[in-house]
Amino acid sequence: MTPYGSSPLAGSTHDALTRKSTTASRKMAAHRCSCWSWLFILFSLSVFVVADIHETTPVNDHQGGVDHNAQTAEQTADLPAVEGRRWEATEVKEAGVDAAADAQGTSAPETVVPSSVPQPKDDFQEELVIRPLHSGDIYASFQFRTLWDTDFMRENKVSHYRLFPKSLGQVISKFSVRELHISFTQGYWRTMQWGQPFIPSPPGAELWVWFQDSVTDVDATWKELTNVLSGIFCASLNFIDSTNTVQPSASFKPLGIGNVTDHSFLRYATLPREIVCTENLTPWKKLLPCGSKAGLAVLLKSEKLFHSSFHSQAVHIRSVCQDWQCKTTSWELRQTVNSVFDLHNSGQAKREWSLFKMFSRTLTEACPLASSSKLYIDITDNPEGEQFELSPATSLLSQAVVLGDRRTFSVYDLTQETTFGSVRSLNLLIRWKSNEGEMLRPLLHAERYVAGYGLQTGEIHTLMYNNHPYRSFPVLLLDSVPWYLRLYIHTLSVTSKGKDNKPSYIHYEPSKDRVKPHLLEMLIQLPPNSVTEVTVQFERALLKWTEYPPDPNHGFYVGSSVISSLVPSTVAMDTNSTRERPLFSSFFPCKEESSYFVRIYTEPLLVNLPTPDFSMPYNVICLTCTVVAVGYGSLYNLLTRSFQIEEPNPGLAKRIANVIRKMRGVPPL
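Attention here is on the structure that accompanies the text. All of these numbers come straight from a predicted model, not from anything done at the bench.

**Details of helix α12 (residues 616-640)**
Part 1 of the reasoning: Over its 25 residues, α12 extends 35 Å from the first C-alpha to the last, a length consistent with the 36 Å expected when each residue adds 1.5 Å.
Part 2 of the reasoning: Of all the bends in α12, the greatest measures close to 25 degrees and is centred on G633.

**Quick word on helix α6 (residues 218-233)**
Part 1 of the reasoning: Relative to the 22 Å expected for 16 residues at 1.5 Å per residue, α6 spans 22 Å between its end C-alpha atoms, a close match to the ideal helical length.
Part 2 of the reasoning: Residues of α6 that are buried include every one of V218, T221, W222, L225, T226, L229, S230, I232 and F233, and no others.

**Section: the sheet that holds strand β20 (residues 485-496)**
The strands that make up a sheet pair up through hydrogen bonds in the backbone, lying either parallel or antiparallel.
Part 1 of the reasoning: With antiparallel pairing, the five strands of this open sheet are ordered in space as β17-β18-β24-β20-β21. Only two strands of the sheet have a single partner each, and these edge strands are β17 (444-451) and β21 (499-500).

**Describing the state of the cysteines**
Part 1 of the reasoning: Within this structure, the stated rule accounts for two disulfides.
Part 2 of the reasoning: The disulfide that involves C290 links it to C367, with 1.9 Å between the sulfurs. A torsion of 70 degrees about the S-S bond marks the disulfide between C290 and C367 as right-handed. With a gap of 77 residues between them, C290 in the loop between α7 (278-286) and α8 (302-305) and C367 in the loop between α9 (355-359) and β12 (372-378) connect regions that are remote in the sequence.
Part 3 of the reasoning: A relative accessible area of 3% places C367 in the buried class.
Part 4 of the reasoning: Here C321 is linked by a disulfide to C326, with a sulfur-sulfur distance of 1.9 Å. Because the torsion about its S-S bond is -70 degrees, the bridge between C321 and C326 counts as left-handed.
Part 5 of the reasoning: Under the relative-accessibility criterion, C326 is labelled partly exposed at 30%.
Part 6 of the reasoning: Sequence-ordered numbering of the disulfide-bonded cysteines in the protein gives the connectivity 1-4, 2-3.
Part 7 of the reasoning: In this model C625 remains outside any disulfide bridge; the closest cysteine sulfur is found in C622, 6.8 Å from its own.
Part 8 of the reasoning: The class of C625 is partly exposed, set by a relative accessible area of 47%.

**Examining the packing of helix α4 (residues 166-175) against α6**
Any two packed helices are characterised by how steeply their axes cross, that is the angle between the axes, and by the distance between the axes.
Part 1 of the reasoning: The contact between α4 and α6 brings their axes to 11 Å, and the two run at 175 degrees. Viewed along their axes, α4 and α6 adopt a mutual orientation that is roughly antiparallel. Here S167, V171, K174 and F175 of α4 come into contact with α6, specifically with T221, E224, L225, V228 and I232.
Part 2 of the reasoning: Classifying every residue of the contact of α4 with α6 by side-chain character gives five nonpolar, two polar and two charged.

**With respect to unusual backbone geometry**
Part 1 of the reasoning: Between S391 and the following residue, P392, the backbone shows a cis peptide bond with an omega angle of -5 degrees.
Part 2 of the reasoning: Following the sequence through the fold, P392 ends up in the loop between β13 (388-391) and β14 (397-402).
Part 3 of the reasoning: With a phi angle near 60 degrees, R514 is a residue other than glycine that sits in the positive phi range.
Part 4 of the reasoning: Summarising the element assignment, R514 is placed in the loop between β22 (505-509) and β23 (518-526).
Part 5 of the reasoning: With a phi angle near 50 degrees, N529 is a residue other than glycine that sits in the positive phi range.
Part 6 of the reasoning: By the secondary structure assignment, N529 is in the loop between β23 and β24 (530-540).
Part 7 of the reasoning: For N529, a relative accessible area of 51% gives the class exposed.

**Some details on the packing of aromatic side chains**
Part 1 of the reasoning: Applying the stated criterion to the full structure yields 25 aromatic pairs.
Part 2 of the reasoning: Between F184 and F233, the ring centres sit 5.9 Å apart and the planes meet at 50 degrees, which makes this aromatic pair tilted. Here the residue F184 occupies a position in strand β5 (residues 177-186), and F233 occupies one in helix α6, the gap between them amounting to 49 residues.
Part 3 of the reasoning: Members of the aromatic cluster, connected to one another through ring pairs, are F124, F142, F144, W284, F341, W353 and F359.

Scoring rules and cut-offs
- Residues numbered from 1 in each chain as written.
- Predicted model: local features only at pLDDT ≥ 70, side-chain atom pairs only at ≥ 80, totals over all residues.
- Heavy atoms only, no water.
- Helix = DSSP H or I, 4+ residues; strand = E, 2+ residues; numbered from the N terminus.
- Expected span 1.5 Å × (residues − 1).
- Bend = angle between axes of the 7 residues up to and from the residue.
- Buried < 20%, exposed > 50% of the residue type's maximum accessible area, 1.4 Å probe, protein only.
- Pairing = 2+ DSSP bridges.
- Disulfide = S-S within 2.5 Å.
- Axes fitted to C-alpha atoms, helices over the stretch in contact; angles between N-to-C directions.
- Parallel < 35°, antiparallel > 145°, perpendicular 65-115°, else oblique.
- Contact = heavy atoms within 4.5 Å.
- Nonpolar A, V, L, I, M, F, W, Y, C, P; charged D, E, K, R; others polar.
- Phe/Tyr/Trp six-rings, centres within 6.5 Å; stacked < 30°, edge-to-face > 60°.

By themselves, these observations are geometric and do not establish any function.
Below, the structure is given as structure tokens:
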């Protein structure tokens, strides 16, 4: 029943209005809940961002208060670089001061960031060294160095990266790496024609790593690390296993800080057959802060680099000191590219080089993120410009002792606008005037080859040359031989000038079939002006047919021998150097001028092993198929064929009679 004084229509209308108001209130409540949800999410994000900034950016306290200007400057300095531009702390204005100044019609005083704001803890430098060789070739060496004052081994993982590549930082942190050195090389460095390189590397791929003392299972960590690096550099480093990995006992000391004596945390491996191509260079360039878009990296074009006689790219990671007292340390990432451009392979008819001819590009700017960007031209052999002409000329000169020799360089600072001139482009030109001049022979170089005949035994010869006229010095020889070349260590002999030269230190680890290779390390004293020969015999093993590569007749590669030594410098050999400098500075030679460390690599070996006739399975398959087709096919045909009796054909007279009988309607005979 409806209430008194109301009708059913009025009641239904009231119910409808009530339902509508209820629905509207529900919608408004849902809308308010949605708004409150969005506000809560935005508030949470703001709290997270503020907490993250406070965690990563220190706050300066001044007399119990907070310096918001310094905090803003530090936050701005920690921001990453975007599109090649570096974020810098700018002047900050207070909104209230601006409003008051606008009301009074005067300019607002600017709050300038204090000069005591700490600079970013990372730094990037780039340089290119060009050395004209006496053979008419050009040696170009790129160096990119990134320094970062951080600790990858702390419990709180590093998550903010600015210049240092994050992929390598995660590798250092995850695998507890102390030092990492990796190189990819195409071609062989000809020491007698080109001299010593700045950073040597063997043909193929080379990897050696020092791990931290906290690593418990070095072999498992090494295997996982090689797989990760294989993906980062698009290389075949995943083929590194126990059969080509050694643990040197004296070679490959750490190049960074820290005197590590436990060589159980060191691993060394080579892949002499690794082919270097564009897919290795592309990820390498992506590790640079500016990539290949600006700076010296714009010259790294694959079609030019891989057309050269020698090409090598490397990555070196180590910890270095920031000051001479080494109170603070930082991580150093050094990326290098070394290339030799051949005069004849380039198709040039005259001895004239330029940046555009070598790299098909010119320099237009430095990397905006680089604190230093310089181009060095070695003019040591051209002091007066009698051998070659350099254009455009520069007045900046620099001298340094490089590989035991005092060198002079012309310097082009790419951070200065005047370097590029009015055309905003630097195309360095080197034009030879004379072919005269001789290259100073390297004091130490080595060769290696295989002797013998047949496919059963052989002999490895390693020749080490000491070209110093009156000084002898020790060298450390490391040889890693695969297990399928079974060394006869009792046949090892070392001779110098026709006499036995007994090594003062020998470390030998025999191989184990399909498990680990041979390792031989020796410390040998090289007499002055002599050739020292190291020989050892071996026996070739017969592999399983599944262990041969697709081209077994090409041969099997054996990695290069590694020779390390402190070689007397050519500066110390100069007895007349006292005429050019004060007498008080010439009696005792300086430490860096008396000797210098050098590491050289020999040629890789190509050894033939006993190879079965892989065509025999094909011949057996063909013969078997023929027998099956002829024998079983004939038997199957006889068993499955159905036979029927065929009546003989009637004669001509009978056929004529049958035709006549058919015409008469009589049945045939």
